[in-house]
Amino acid sequence: MNFNDKVIYQIYVKSFMDSNGDGLGDIAGITSRLSYLEKLGVDYLWLTPVFISPMNDNGYDVADYRKIDPSFGTMEDLEELIEEAKKRGMGIMLDMVFNHTSTAHEWFQKALLGDPKYKDYYIFKKGADGAPPTNWESKFGGNAWEYVPQFDEYYLHLFDKTQADLNWENEEVRNELYDIVNFWLDKGVSGFRFDVVNLISKPDLFENDDLGDGRRFYTDGPKIHQYLKELNRKSFGQKEDSLTVGEMSSTSLENCVRYSNPSEKELSMVFNFHHLKVDYEKGDKWSLKPFDFQELKEIFDHWQTGMQEHQGNMALFYNNHDQPRVVSRFGNDKKYHKESSKMLATSIHMLRGIPYIYQGEEFGMTNAYFTSIHEYRDVESTNYYEILRKERLPEEQILEILQAKSRDNGRTPVLWNDEEGRGFTHGTPWIPFAKGPSVSAEKDLKEEDSIFSYYQKLIKLRKSNPVIQEGTYEILEKDHPSLFCYVRALGEKKVLVLNNFYDKEEEFSLINHGFPPVDERNVRLLLTNYNELCTKDEKICLRPYESVIISVEP
Ligand code: TEU
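Residues numbered from 1 in each chain as written. Predicted model: local features only at pLDDT ≥ 70, side-chain atom pairs only at ≥ 80, totals over all residues. Heavy atoms only, no water.

### As for the overall build of the protein chain
Along the protein chain, the regular secondary structure elements total 17 helices and 23 strands. The 554 residues of the protein chain split such that 63% are buried. Within the protein chain, residue pairs in contact and separated by at least 24 positions form 70% of the contacts whose partners lie at least 6 positions apart. Looking at the protein chain as shown, the accessible area adds up to about 21500 Å², and 47% of this sits on carbon and sulfur atoms. Seen as two clouds, the 66 positive and the 93 negative side-chain charges of the protein chain have centres 2 Å apart. (Helix = DSSP H or I, 4+ residues; strand = E, 2+ residues; numbered from the N terminus. Buried < 20%, exposed > 50% of the residue type's maximum accessible area, 1.4 Å probe, protein only. Contact = heavy atoms within 4.5 Å. Areas by Shrake-Rupley, 256 points an atom, 1.4 Å probe, with all protein chains shown as cover. Lys, Arg positive; Asp, Glu negative; His and termini not counted. Charge placed at Lys NZ, Arg CZ, Asp CG, Glu CD.)

### As for the pairing of strand β1 (residues 8-11)
Here β1 shows no split at all, with I8 and Q10 on one side and Y9 and I11 on the other all buried. Where β1 lies against strand β15 (residues 354-358), three bridges are found, and the strand directions are parallel. Each residue of the ladder has a partner; that of Q10, found in β15, is Y358. (Pairing = 2+ DSSP bridges.)

### Considerations on the sheet that holds strand β8 (residues 145-148)
A sheet is described by the order of its strands in space; here three strands give the open sequence β7-β9-β8, paired in antiparallel fashion. Both edges of this open sheet fall to β7 (124-125) and β8, since each of them pairs with a single strand only. One ladder, built from two bridges, connects β7 with strand β9 (residues 153-156); its direction is antiparallel. The residue of β9 that forms the bridge with K125 is Y154.

### Side note on the state of the cysteines
Under the definition given, this model contains one disulfide. Disulfide partner of C534: C541, at an S-S distance of 2.0 Å. Judged by the sign of its S-S torsion, about -85 degrees, the cystine formed by C534 and C541 is left-handed. Accessibility assignment for this pair places C534 and C541 in one class, buried. In this structure C485 is a free cysteine whose sulfur lies 13 Å from that of C541, the closest cysteine sulfur available. Judged by relative accessible area, C485 falls into the buried class, the value being 0%. (Disulfide = S-S within 2.5 Å.)

### Looking at the layout of surface pockets
The computed volume of the largest pocket comes to approximately 950 Å³. As for the largest pocket, its lining consists of 40 residues, of which K139, R215, Y280, K285 and E380 are closest to the centre. Top element by residues in the lining of the largest pocket is helix α13 (residues 379-390). It accounts for four residues. When the residues that make up the lining of the largest pocket are grouped by side-chain class, the tally is 13 nonpolar, eight polar and 19 charged. Surrounding the second largest pocket, 27 residues form its lining, M1, S260, P262, S268 and N313 being those nearest its centre. Those elements that provide at least two residues to the lining of the second largest pocket are α8 (224-234) and α17 (466-470). Residues belonging to the lining of the second largest pocket are distributed by class as follows: six nonpolar, 14 polar and seven charged. (1 Å grid on protein atoms, 1.4 Å probe; cavity = no way out; pocket = protein on both sides within 12 Å on 5 of 7 lines; lining within 4 Å. Points joined across faces, edges and corners; volume = space filled by probe spheres on them. Nonpolar A, V, L, I, M, F, W, Y, C, P; charged D, E, K, R; others polar.)

### Brief notes about the environment of D22
Tracing the chain through its elements places D22 in the loop between β1 and α1 (27-32). For the pair D22 and N261, spaced 239 residues apart in the sequence, the C-alpha separation amounts to 44 Å.

### Description of the packing of aromatic side chains
Tallied over the full model, the rule gives 47 aromatic pairs. Seen in terms of ring centroids, F140 and F159 are 5.4 Å apart; in terms of plane orientation they differ by 70 degrees. Their pairing is edge-to-face. Separated by 19 residues along the polypeptide, F140 in the loop between β7 and β8 and F159 in the loop between β9 and β10 (163-165) bring together distant segments of the chain. Across the pair, exposure class does not vary: F140 and F159 are buried alike. (Phe/Tyr/Trp six-rings, centres within 6.5 Å; stacked < 30°, edge-to-face > 60°.)

### With respect to the pattern of salt bridges
Inspection of every chain in the model, using the stated rule, returns 41 salt bridges. Here D449 ties to K338 by a salt bridge, and the two come within 2.8 Å at their closest N and O atoms. Note that D449 is positioned in the loop between α15 (441-446) and α16 (451-464) and K338 in helix α12 (residues 337-349), a separation of 111 residues in sequence. When its relative accessible area of 39% is taken as the criterion, D449 is described as partly exposed. Residue classification places K338 among the buried positions, given a relative accessible area of 18%. The residue E395 makes a salt bridge to R389 at a minimum N-O spacing of 3.4 Å. When its relative accessible area of 34% is taken as the criterion, E395 is described as partly exposed. Accessibility expressed as a relative area gives 43% for R389, which makes it partly exposed. (Salt bridge = Lys/Arg side-chain N within 4 Å of Asp/Glu carboxyl O.)

### Observations regarding the site of the ligand
Every one of the 16 residues lining the ligand counts as a neighbour, but D57, D195, K285, D322 and E380 are closest to it. D195 is positioned with one of its side-chain polar atoms (N or O) 2.7 Å from an oxygen atom of the ligand. Relative to its unbound accessible surface of 490 Å², the ligand loses 90% to contact with the protein. Placement of the ligand is best described as lying within the largest pocket. (Near = heavy atom within 4 Å. Polar contact = N/O pair within 3.5 Å; in protein donor to acceptor, adjacent residues only side chain to side chain. Sits in = over half its atoms within 2 Å of the grid points.)

### Quick word on the sheet that holds strand β17 (residues 483-490)
Spatially, β16-β17-β18-β23-β20 is the arrangement adopted by the five strands of the open sheet, whose pairing is antiparallel. In this open sheet, the two edge strands, each paired with only one partner strand, are β16 (472-476) and β20 (523-528). Ignoring which end each strand starts from, the neighbouring axes of this sheet average 20 degrees apart. Inspection of the sheet shows β16 paired to β17 by five bridges, in the antiparallel sense. (Axes fitted to C-alpha atoms, helices over the stretch in contact; angles between N-to-C directions.)

Right, here's the structure in full:
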């Protein structure tokens with residue numbers, strides 16, 4: 001099935017809406033906000049993991065894949081959500097964390113007791129001369145192996161030490177996981193996001209990485225395509241219309257084509273993160289660097305053209321629960337808060353692929369602006385705080401880095417209104433509210449030129465315009481220092497998308513790019529984030545953070 005007219009909304013459940021006053025978002029909270037989401041116009045709601053978990057990584061450490069964690073509610077709550085969402089034309093997508101389980105999972109507990117069946121569900125290895133089996137690093141800092149004294153062996157954990165990697169080589173493991181997908185399909189779930197799914201196939205040989213942190217040995221690993229084809233065939237592939245997206249860590253274009261080209265029968269689409277590393281200094285996330293706009297465009301262009309050429313399908317996004325808020329990152333969350341929120345949305349919603357909106361983005365939520373380590377909750381942030389301290393970075397600098405880079409920037413509770421609990425909770429929120437510029441859904445929605453209404457328009461445009469759904473993509477003015485412009489084309493019809501990423505006015509010549517001037521009959525303004533179009537002769541002027549979408553018909 002083709003999903004090009006769909007838009008997906010991501011819900012980080014713990015921070016979306018608290019229905020019972022315990023300070024934690026929950027499933028019933030989501031149900032209570034369905035009319036808001038329906039009004040926005042999205043088709044699917046992707047929920048981050050809601051399964052039983054010790055919550056060391058906020059649910060990405062699953063202890064029972066078939067049960068709902070009581071902090072999020074009950075199975076009945078989820079069934080009600082599925083049903084109520086369906087009534088409003090929305091499908092529910094669940095988050096399947098299959099690279100690892102929590103060490104609290106029954107399988108791992110049995111493994112620890114020495115049960116050989118369950119030991120083989122995980123990756124246990126002998127150390128090498130008193131050191132871990134390899135020098136691979138955990139994505140959350142430190143070595144990726146944890147020692148288990150009773151076996152004199154180590155188990156692999158690419159993430160936290162309470163997230164043990166599963167052994168996908170073991171057919172029983174794979175079948176257990178496919179059964180879980182089928183269990184949720186039977187409950188009426190419409191789709192799945194598969195967490196770091198391109199890391200599941202580990203190499204035959206576990207060796208030291210002298211060039212890096214080990215990722216080259218297990219990223220897009222040797223049997224990855226075989227496993228995804230099997231997963232598809234034995235579970236969601238049997239339901240024509242289920243939507244799947246794989247989260248691909250440090251992946252390649254070539255592999256993403258295979259993951260997402262429909263003829264491969266693997267997944268519907270993929271996330272990759274290359275465009276979100278353009279503010280990493282030499283690939284190091286824990287550094288400060290202004291974002292490299294040229295690099296951002298090059299990456300978009302490379303992926304858009306490559307995926308188009310080989311019929312791969314891209315998930316389009318800037319924000320998620322692991323990323324700082326884009327308006328604070330690539331936009332200007334103070335002077336041009338509204339303009340840059342809308343411009344950034346335009347820049348990706350009009351691309352070839354399937355747009356994702358992350359909760360709060362639709363009214364311009366910003367970074368957290370925390371000033372003390374005590375405000376952070378994320379295991380990656382607190383680990384790196386310690387690592388950077390050991391590297392003797394001054395406290396002030398560490399906090400500055402966390403302010404820009406912490407995953408908690410995207411995890412503060414949704415600011416529904418300006419009341420005490422911000423419409424999120426009647427209790428004490430599990431993490432402080434964002435301290436940036438004061439924004440809220442209620443405030444935004446009251447304004448005629450709200451960010452929310454702009455998102456509604458972007459969604460409607462996609463749904464009503466086949467050029468945006470199916471058209472080819474081509475970049476224009478590739479080397480321009482502040483404009484990201486591209487044209488989508490389907491037959492003789494074209495949609496021109498112009499985005500100014502900075503606060504200085506720029507011009508775009510229509511004639512120079514083979515387009516008729518705006519006053520011609522066949523040229524129509526589809527959308528802009530300013531009140532009206534600004535033109536100078538045949539040129540379009542692009543004011544600070546302005547976006548312009550124009551259609552040109554034969
Ligand atoms: O994320 C995978 C992942 O690669 C990021 O956490 C990444 O390591 C981080 O942003 C780098 O700074 C997925 C989930 O989205 C994330 O929330 C989980 O923590 C992780 O997998 C483990 O399940």
